[in-house]
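Structural overview for review
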Amino acid sequence: MAGSRRDAAADSDAPPTVVARGGRTPGPAATLTAEAIAAPAAGALTDGWHERGRYALVEELARGGGGRIAIAIDRKLHRRVAVKRPLDRGGGERVAREALVLARLEHPAIVPIHDVGEDAAGAPYYAMKLLGGHTLGDRLRAATTFEQRVALLTVVTAVADAVAYAHSERVIHRDLKPSNVLVGEFSEVALIDWGLGKIIGDADVAHAAAPTAAAAELTGVGHAT
């Protein structure tokens, strides 16, 4: 999610990152005009998008983990958000399950989910905060001095705190790596890409997210444990 479009299907280490070009979140919602909300862009991303109400897709940011993420304008609240939806029919269960995992977690270093639903074709989607920043991996590569690397310890501490909180809620991430940590312009930290996340010992929630015979053990692509 760090500043450019990436096809994570071609790069297994590339997370579906939600940022604007240059690492900055697009302009504040307060500056959105009525015209922009009614017709966000001539090239609005609508391929496979059957919802024509609350969210208008503007620009695709990334693909990966069975889903695609795009900048969208929330017409009700007049702000920009990130919308994740399945890349294909096979990704629907994973997107729905990830939404339930994120909805369970409320932490400053975990991206908040705003809304969840189904489009007119019955495909699940969810809307979340649009994040800006660069990955911890990028920051580590850019840190050429000892002092610069030591300064990144605060990021690691924030991630550790987020992971500890998630564990207290019986959720494990299962894909922790520098490319799944965003560091924002104002030092905000976000642990992203919960597509392999799993709720431990909560059969009811797991079943609701993926109503299959092996619902509680569903892990998605790669069958990570």
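Residues numbered from 1 in each chain as written. Predicted model: local features only at pLDDT ≥ 70, side-chain atom pairs only at ≥ 80, totals over all residues. Heavy atoms only, no water.

Read across the open sheet, the three strands follow the order S7-S9-S10; overall the sheet is antiparallel. Each end of this open sheet is capped by a strand with a single partner; those strands are strand S7 (134-135) and strand S10 (189-191). Helix H5 (residues 153-168) rests against strand S9 (181-183) and S10 of the sheet, and its axis sits at about 45° to S10. (Pairing = 2+ DSSP bridges. Helix = DSSP H or I, 4+ residues; strand = E, 2+ residues; numbered from the N terminus. Contact = heavy atoms within 4.5 Å. Axes fitted to C-alpha atoms, helices over the stretch in contact; angles between N-to-C directions.)

The buried fraction of strand S6 (residues 124-128) amounts to five of the five residues, a majority that puts the element mostly inside the structure. Neither face of S6 is open: one carries Pro-124, Tyr-126 and Met-128, the other Tyr-125 and Ala-127, and all of them are buried. Two strands pair when backbone bridges link them, and strand S4 (residues 79-86) and S6 are joined in this way by three bridges, in the antiparallel orientation. Across the sheet, the residue bridging to Val-83 is Ala-127, located in S6. As judged from the five bridges shared by strand S5 (residues 113-118) and S6, these two strands associate in the antiparallel manner. Bridge assignment links Gly-117 to a residue of S6, and that residue is Tyr-125. Counting the residues that bridge the hairpin from S5 to S6 gives five residues, and of these Gly-122 lies at a positive phi of roughly 85°. (Buried < 20%, exposed > 50% of the residue type's maximum accessible area, 1.4 Å probe, protein only.)

All right, on to the pairing of S4 then. Buried residues dominate S4, accounting for six of its eight residues. Turn length for the strand S3 (residues 67-74)-S4 hairpin, with the two strands adjacent in sequence and antiparallel, is four residues, and the turn residue His-78 shows positive phi of about 55°.

Counting residues in hydrophobic clusters, the biggest one holds 36 residues, and the most contacted among them are Leu-105, Val-155, Val-171, Val-181 and Trp-194. Breaking this core down by element, the ones donating at least two residues are strand S2 (55-64), S3, helix H2 (92-104), S6, H5, S9 and S10. With five residues, the single largest contributor to this core is H5. Not counting residues within four places of it along the chain, the set of residues in contact with Val-181 comprises His-134, Thr-135, Leu-136, Val-155, Val-159, Val-189, Ala-190, Leu-191 and Ile-192. One finds Tyr-55, Leu-57, Ala-72 and Val-83 within the second-largest nonpolar core, a separate group that totals eight residues. (Core = buried A, V, L, I, M, F, W, Y, C linked by side-chain atoms within 4.5 Å.)

What follows deals with a nonpolar patch on the surface. Nonpolar side chains collect at one region of the surface, where Phe-146, Val-150, Leu-153 and Val-156 lie side by side and expose about 390 Å² of accessible area between them. Inspection of the secondary structure puts Phe-146 in helix H4 (residues 146-151). Of the residues examined, Phe-146 reaches a relative accessible area of 63% and is grouped as exposed. (Patch = residues over 30% accessible without salt bridge, like charges linked within 9 Å, V, L, I, M, F, W, Y side chains within 5 Å. Areas by Shrake-Rupley, 256 points an atom, 1.4 Å probe, with all protein chains shown as cover. Salt bridge = Lys/Arg side-chain N within 4 Å of Asp/Glu carboxyl O.)

Relative to the helices and strands, Pro-112 is located in the loop between H2 and S5. When its relative accessible area of 34% is taken as the criterion, Pro-112 is described as partly exposed. Expressed as a C-alpha distance, the spacing of Pro-112 and Met-128, which sit 16 residues apart in the sequence, is 5.8 Å.

Moving on, we get to the confidence of the model for the chain. On average, the chain scores 74 in pLDDT, and the residues at 70 or more come to 65%. Taken as a whole, residues 1-33 scores under 50 in pLDDT and shows 87 contacts with residues more than four places along the chain or in a different chain. Low confidence marks residues 204-225, where pLDDT is under 50. Its contacts with residues over four positions away, or in another chain, come to 32 contacts. (pLDDT = per-residue confidence, 0-100.)

For the rest of this paragraph, the subject is the side chain of Glu-98. Considering the arrangement of structural elements, one finds Glu-98 in helix H2. A polar side-chain atom of Glu-98 sits 3.2 Å from a polar atom in the side chain of Tyr-126. Within the structure, Glu-98 has its side chain in polar contact with the backbone nitrogen of Trp-194 (distance 3.3 Å). Once residues within four sequence positions are removed from consideration, Glu-98 is found in contact with Lys-84, Tyr-126, Asp-193, Trp-194 and Gly-195. (Polar contact = N/O pair within 3.5 Å; in protein donor to acceptor, adjacent residues only side chain to side chain.)

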